[in-house]
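A closer look at the structure
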Amino acid sequence: VQLQASGGGLVQAGGSLRLSCAASGRTFSRYVMGWFRQAPGKEREFVAGITWSGGSTYYADSVQGRFTISRDNAKNTVYLQMSSLKAEDTAVYYCAAQRAVMFTEDATDYWGKGTQVTVSS
């Protein structure tokens, strides 16, 4: 599975962005999908995750209520809608494919290359 993230950019605080992650191959629906992020000087952290059919979603406390993860298995794509963005959301965002609902780096089978999100205050 190859993952390609897109949609990052520069946005003012309080604004919105939608990230997309397109997957190659026919097995997309077999993977739990997640978004992670890494800010400068910090470790990569879990942001949001979604199960195989989209029936369950999971969020880090820091983004709960502001970010929404979704997926379209017909398009092999997972999305991250980000609203009410804050300066502390500035990071490189990575999509990840996992076989189990764990949302840890070690459990990730495939990573996308990342897309930069910069929130100006």
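See above for the structure.
Attention here is on the structure that accompanies the text. (Residues numbered from 1 in each chain as written. Predicted model: local features only at pLDDT ≥ 70, side-chain atom pairs only at ≥ 80, totals over all residues. Heavy atoms only, no water.)

On to a nonpolar patch on the surface. A contiguous nonpolar patch, built from Trp52, Tyr58 and Val101 and spanning about 250 Å² of accessible area, is present on the exposed surface. Mapping Tyr58 onto the fold places it in strand 6 (residues 57-59). Taking relative accessible area as the criterion, Tyr58 reaches 33% and is therefore assigned partly exposed. (Patch = residues over 30% accessible without salt bridge, like charges linked within 9 Å, V, L, I, M, F, W, Y side chains within 5 Å. Areas by Shrake-Rupley, 256 points an atom, 1.4 Å probe, with all protein chains shown as cover. Salt bridge = Lys/Arg side-chain N within 4 Å of Asp/Glu carboxyl O. Helix = DSSP H or I, 4+ residues; strand = E, 2+ residues; numbered from the N terminus. Buried < 20%, exposed > 50% of the residue type's maximum accessible area, 1.4 Å probe, protein only.)

Looking now at the pairing of strand 11 (residues 115-120). Judged by which residues are buried, strand 11 turns out to be one-sided: Thr115, Val117 and Val119 face inward and are buried, whereas Gln116, Thr118 and Ser120, on the alternate face, are not. Relative to strand 11, strand 2 (residues 9-12) runs parallel, the two being bridged by four bridges. In the sheet register, Leu10 faces strand 11, and the bridge partner there is Thr118. Sheet topology note: the strand 9 (residues 91-98)/strand 11 ladder contains three bridges and is antiparallel. Within strand 11, the position partnered with Ala91 by the bridge is Val117. (Pairing = 2+ DSSP bridges.)

The final tally for this structure, using the stated rule, is five salt bridges. Its salt-bridge partner being Arg37, residue Glu45 comes within 2.7 Å of it at the nearest N-O pair. In this structure, the salt-bridge partner of Arg99 is Asp109, at a minimum N-O distance of 3.6 Å. A residue pair is termed long-range when its members are at least 10 positions apart, and Arg99 in the loop between strand 9 and strand 10 (108-111) and Asp109 in strand 10 qualify at ten residues. Owing to a relative accessible area of 35%, Asp109 belongs among the partly exposed residues under this scheme. Among the charged side chains, a network of salt bridges with common partners joins Arg37, Glu45, Arg66 and Asp89.

This part is about the sheet that holds strand 1 (residues 3-6). Reading across from one edge, 1-3-8-7 is the order of the four strands in this open sheet, with antiparallel pairing throughout. Strands at the two margins of the open sheet, each flanked by one partner only, are strand 1 and strand 7 (67-72). On average, each strand axis in the sheet is tilted by 15° relative to the strand beside it, whichever way the strands run. In the sheet, strand 1 pairs with strand 3 (residues 17-23) via four bridges, with the strands oriented antiparallel. (Axes fitted to C-alpha atoms, helices over the stretch in contact; angles between N-to-C directions.)

Taken as a whole and assessed by the stated rule, the structure comprises one disulfide. Residue pairing for Cys21: its cysteine sulfur links by disulfide to Cys95, the two sulfurs lying 2.1 Å apart. Negative torsions about the S-S bond denote left-handed disulfides, and the value of about 60° found for Cys21 with Cys95 makes this one right-handed. Here Cys95 lies in strand 9 and Cys21 lies in strand 3, a separation of 74 residues in the sequence. (Disulfide = S-S within 2.5 Å.)

Moving on, we get to the nonpolar core. Among the nonpolar cores identified, the biggest contains 30 residues, and Trp35, Leu80, Met82 and Tyr93 are the most heavily contacted of them. Looking at this core, the elements with two or more residues in it are strand 1, strand 3, strand 4 (32-38), strand 5 (45-50), strand 7, strand 8 (77-82), strand 9 and strand 11. Apart from residues lying up to four places away in sequence, Leu80 is in contact with Leu17, Arg18, Leu19, Trp35, Val47, Ala48, Phe67, Thr68, Ile69 and Tyr93. (Core = buried A, V, L, I, M, F, W, Y, C linked by side-chain atoms within 4.5 Å. Contact = heavy atoms within 4.5 Å.)

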